[in-house]
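Overview (structure and organization)
Below, each chain spelled out in residue letters.
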Amino acid sequence: MKKSLIGLLLALLMVFTALPMTALAEEPAPEYQIDRITVVGNGKGNYLHGVTWDPTSSKNRMRAVTGLEGVYEINYEDVAAGNDYQLRFTANDSLDYNWGTAAASVDSDKVYDAVFGGEVISFDVAEVSDVKVRLNLRDWDPTEQTGARFAVRVTPLSNVHTMRINLESYLDNSENCLIELESAVDYYRCTLPGNMVSHTFYYMPDGSYTLTVSKKNHAARRYPVAVDGDSSFDARINPVGDVNLDGLIQARDAMKAFQHTIEPTLTGYALLCADVNGNGKVEARDAMRIFQQTLDNNTL
Ligand SMILES: [Ca+2]
Ligand SMILES: [Ca+2]
């Protein structure tokens, strides 16, 4: 009894002493870890809150964008007209860990490579504007020091509008719908429960956006949307398996999917709704699962 207890204790001890070593071996080298991103530059007035070249300034710390992994942004409102606004991105409060550009002067709303240790980024503001800065580290490779991208958007206050999205969906009226609007520099999102939902996004800079609407058990749908004035947009999503897009999943949907495997007729969104197993193709097994869904409610 005593022996086995000692054996157990020894085994536990080995496990505990082994653990930290395993953890250490799997951690990336400390200099590659990014804890926080801060914008530094020649702050004046509202730009960088007047802070000049301070990588420890919490006022200029970028926020991680919800729903977009590795993307950071910060917004400066009512920035005065002026030339040669400058910036750099720094990590972990240190100027040693920074990204600049190869382009020096950058245009609003264009995406550039963020060059590790590159030149200072510079841009102009023609009239009082909102300035949004985004750093995208989604594809950042710390070993190669490549893959980071950035954009600066300068939006004159006269070029900001509202966009109302109306979304129709089916099935469970208590499930949340997710509405996302994304451009090169902006990302807006909203979740609302219901089969008929509306949401108005305010202070949207004019430009081209991709609207993505989704809901549980529905095929997500993307629309190109242009904002160039106060406007609204009607979107609709259908249940996975609703091939004829009438909101119901019936034998005729299975039939339509099956016909497609013999002679391709489905295109666009109907094709997405028919591909119930999400493998990018509409095959007999998709038709089969839609048919099963009409018999019992749990297969999709
Ligand atoms: Ca249908
Ligand atoms: Ca499929």
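Reading the values: the criteria
- Residues numbered from 1 in each chain as written.
- Chains lettered and ligands numbered in written order.
- Predicted model: local features only at pLDDT ≥ 70, side-chain atom pairs only at ≥ 80, totals over all residues.
- Heavy atoms only, no water.
- Pairing = 2+ DSSP bridges.
- Helix = DSSP H or I, 4+ residues; strand = E, 2+ residues; numbered from the N terminus.
- Expected span 1.5 Å × (residues − 1).
- Buried < 20%, exposed > 50% of the residue type's maximum accessible area, 1.4 Å probe, protein only.
- Arc of directions from axis to C-beta.
- Contact = heavy atoms within 4.5 Å.
- pLDDT = per-residue confidence, 0-100.

**Looking at the sheet that holds strand 11 (residues 149-156)**
Across the sheet, which stays open at both edges, the five strands sit in the order 3-4-10-11-7 with antiparallel pairing between neighbours. What marks the edges here is a single partner per strand, and that holds for strand 3 (63-64) and strand 7 (111-113).

**Here we look at helix 4 (residues 284-295)**
Between its first and last C-alpha atoms helix 4 spans 17 Å; for 12 residues at 1.5 Å apiece the expected length is 16 Å, and the two agree. Turning to helix 4, its buried residues number three or more, namely D286, A287, I290 and Q293. Each buried residue of helix 4 sits inside an arc of 115 degrees when the element is viewed along its axis, so together they form one side. Turned more than 90 degrees away from the buried face of helix 4 sit R285 and L295, all of them exposed. Along its buried surface, helix 4 packs onto helix 2 (251-262) and helix 3 (268-274).

**Quick look at the confidence of the model for the chain**
Per-residue confidence for the chain gives a mean pLDDT of 89; residues scoring 70 or more make up 88%. Here helix 1 (residues 2-26) stands out as the element of the chain with the lowest mean pLDDT, 49, in contrast to strand 2 (residues 47-52), whose mean of 98 is the highest. Contacts for the low-pLDDT stretch residues 15-25, under 50 throughout, to residues beyond four places or in other chains number zero contacts.

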